[in-house]
Amino acid sequence: MDTENSARSAFLGADAPVPTDRPFTFAEARAAGVSQRQLTTWCADGRLLTPLRGVHHAAQLPDGLDLRIACLQLVVPEDAVITDRTAGWLHGASMILAPNDHLAVPAVSMFRKAGYRLRNKVTTSGERSLLPHEVVDLGGVRVTSPLRTACDLGLLLPRDQGFAAMDAMVRASDFGARELVHQGDTRFKGARGVRTFRGIAPYVDGRAQSPAESVL
């Protein structure tokens, strides 16, 4: 067997009815005449990946910041801010997903200004107060900064999950426990979850290789 040709056949070809050079939405696929059954088959065969609910891309596209931004741009309003685990994923933090999220495609976590809560099947949303320097632009997508993302995860998640997420963010960024402790003592003084946050922030260490190691 020609292994090279075999490997090539495992990918969607240029003659596929869906784009193979960029992400696309479920609605776009349906408009091109592709059924839900066919999409499911391609996903099961590994030819198609679904990084976000309602968004697909050909498996041969290399993962990276550009691809992740392109996926998010298909489902995120221009004025929305990507937050929490989705922001961590976009910033390149490994092991940032919630327990069992690898078994199903997670929703996008995003927030808008007061009065504009998003309500759809691909997002978990709400309203959140963000300072200008706590939001960064990544290729046209507005995302909470790495430090703000780490703080949100540490404040809002259960202790073990929050600690593991902060470890992952520190590993992918250029700040450490000292900056997190300062945020707990100043920016988030009196905030929900800050007592737990203050208790775990001094022990954050980006050298952890897994959530289990962080908790241990």
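The structure displayed is predicted, hence computed values, not measured ones.

1. Some details on the pairing of strand E8 (residues 141-144)
Then comes step 1: The sheet contact formed by strand E7 (residues 135-138) and E8 spans four bridges and is antiparallel. Bridge assignment links Val-136 to a residue of E8, and that residue is Val-143.
Then comes step 2: Counted along the chain from E7 to the antiparallel partner E8, the turn is two residues long, and its residue Gly-139 has a positive phi close to 60 degrees.

2. Thoughts on the packing of helix H6 (residues 146-156) against helix H8 (residues 177-185)
When two helices pack together, their arrangement is given by the angle between their axes and by how far apart the axes lie.
Then comes step 1: At their nearest, the axes of H6 and H8 sit 11 Å apart, and the two run at 65 degrees to each other. When the interaxial angle is binned, H6 and H8 end up roughly perpendicular. Along this stretch, H6 crosses H8, giving a crossing that reads as right-handed. Residues Leu-147, Ala-150 and Cys-151 of H6 form the contact with H8, whose participating residues are Glu-179, Leu-180 and Gln-183.
Then comes step 2: Residue classes in the contact of H6 with H8 are distributed as four nonpolar, one polar and one charged.

3. Some points on the sheet that holds strand E1 (residues 24-25)
In a beta sheet, neighbouring strands are held together by backbone hydrogen bonds and run either parallel or antiparallel to one another.
Then comes step 1: Spatially, E1-E3-E2 is the arrangement adopted by the three strands of the open sheet, whose pairing is antiparallel. The sheet is open, and its two borders are formed by E1 and strand E2 (48-52), each paired with just one other strand.
Then comes step 2: Across two bridges, E1 lies against strand E3 (residues 55-58) in antiparallel orientation. When the bridges of E3 are listed, Phe-24 appears paired with His-56.

4. Re the pattern of salt bridges
Oppositely charged side chains can form a pair if their charged atoms are brought close together.
Then comes step 1: Evaluation of the coordinates by the stated rule reveals eight salt bridges.
Then comes step 2: Linking Asp-185 and Arg-198 is a salt bridge whose minimum nitrogen-to-oxygen distance equals 3.5 Å. Taken as a pair, Asp-185 in helix H8 and Arg-198 in helix H9 (residues 194-200) lie far apart in primary sequence, 13 residues in all.
Then comes step 3: According to the relative accessible area criterion, Asp-185 is partly exposed, its value standing at 43%.
Then comes step 4: Given a relative accessible area of 36%, Arg-198 falls into the partly exposed group.
Then comes step 5: Through salt bridges with shared partners, a single ionic network connects Glu-134, Arg-148, Asp-152 and Arg-187.

5. Describing the pairing of E2
Then comes step 1: By the bridge criterion, three bridges tie E2 to E3 in an arrangement that is antiparallel. Of the residues in E3, the one forming a bridge with Leu-49 is His-57.
Then comes step 2: What sits between E2 and E3 in their antiparallel hairpin is a turn of two residues, with Gly-54 showing a positive phi close to 85 degrees.

6. Examining the confidence of the model for the protein
Then comes step 1: Here the protein shows a mean pLDDT of 83. Residues at 70 or above account for 82%.
Then comes step 2: For the protein, the element scoring lowest by mean pLDDT is helix H1 (residues 3-9), at 42; H8 scores highest, at 97.
Then comes step 3: Across residues 1-8, confidence stays below pLDDT 50; counting only partners more than four residues off in sequence or on other chains, it has one contact.
Then comes step 4: Low confidence marks residues 114-125, where pLDDT is under 50. Its contacts with residues over four positions away, or in another chain, come to 27 contacts.

7. A look at the packing of H6 against helix H7 (residues 159-172)
Then comes step 1: Viewed as axis vectors pointing N to C, H6 and H7 meet at an angle of 165 degrees, and their least axial separation amounts to 8 Å. In terms of their interaxial angle, H6 and H7 are classed as roughly antiparallel. Here the hand of the crossing between H6 and H7 comes out left-handed. For the pair H6 and H7, contact is made by Pro-146, Thr-149, Ala-150, Leu-153 and Gly-154 and by Gly-162, Ala-165, Met-166 and Met-169, respectively.

8. With respect to the nonpolar core
Then comes step 1: In terms of nonpolar packing, the biggest core is built from 39 residues, with Ile-82, Leu-90, Ile-96 and Leu-180 touching the most fellow members.
Then comes step 2: Those elements that place two or more of their residues in this core are helix H4 (65-73), helix H5 (84-90), E8, H6, H7, H8 and H9.
Then comes step 3: When residues no more than four places from it in sequence are discounted, the contact partners of Leu-90 are Leu-65, Arg-68, Ile-69, Leu-72, Leu-138, Val-141 and Val-143.
Then comes step 4: In terms of nonpolar packing, the next biggest core, distinct from the first, is built from nine residues, Ala-16, Phe-24, Ala-29 and Leu-39 among them.

What counts, and at which threshold
Residues numbered from 1 in each chain as written. Predicted model: local features only at pLDDT ≥ 70, side-chain atom pairs only at ≥ 80, totals over all residues. Heavy atoms only, no water. Pairing = 2+ DSSP bridges. Helix = DSSP H or I, 4+ residues; strand = E, 2+ residues; numbered from the N terminus. Axes fitted to C-alpha atoms, helices over the stretch in contact; angles between N-to-C directions. Parallel < 35°, antiparallel > 145°, perpendicular 65-115°, else oblique. Left-handed = near helix turned anticlockwise from the far one by under 90°. Contact = heavy atoms within 4.5 Å. Nonpolar A, V, L, I, M, F, W, Y, C, P; charged D, E, K, R; others polar. Salt bridge = Lys/Arg side-chain N within 4 Å of Asp/Glu carboxyl O. Buried < 20%, exposed > 50% of the residue type's maximum accessible area, 1.4 Å probe, protein only. pLDDT = per-residue confidence, 0-100. Core = buried A, V, L, I, M, F, W, Y, C linked by side-chain atoms within 4.5 Å.

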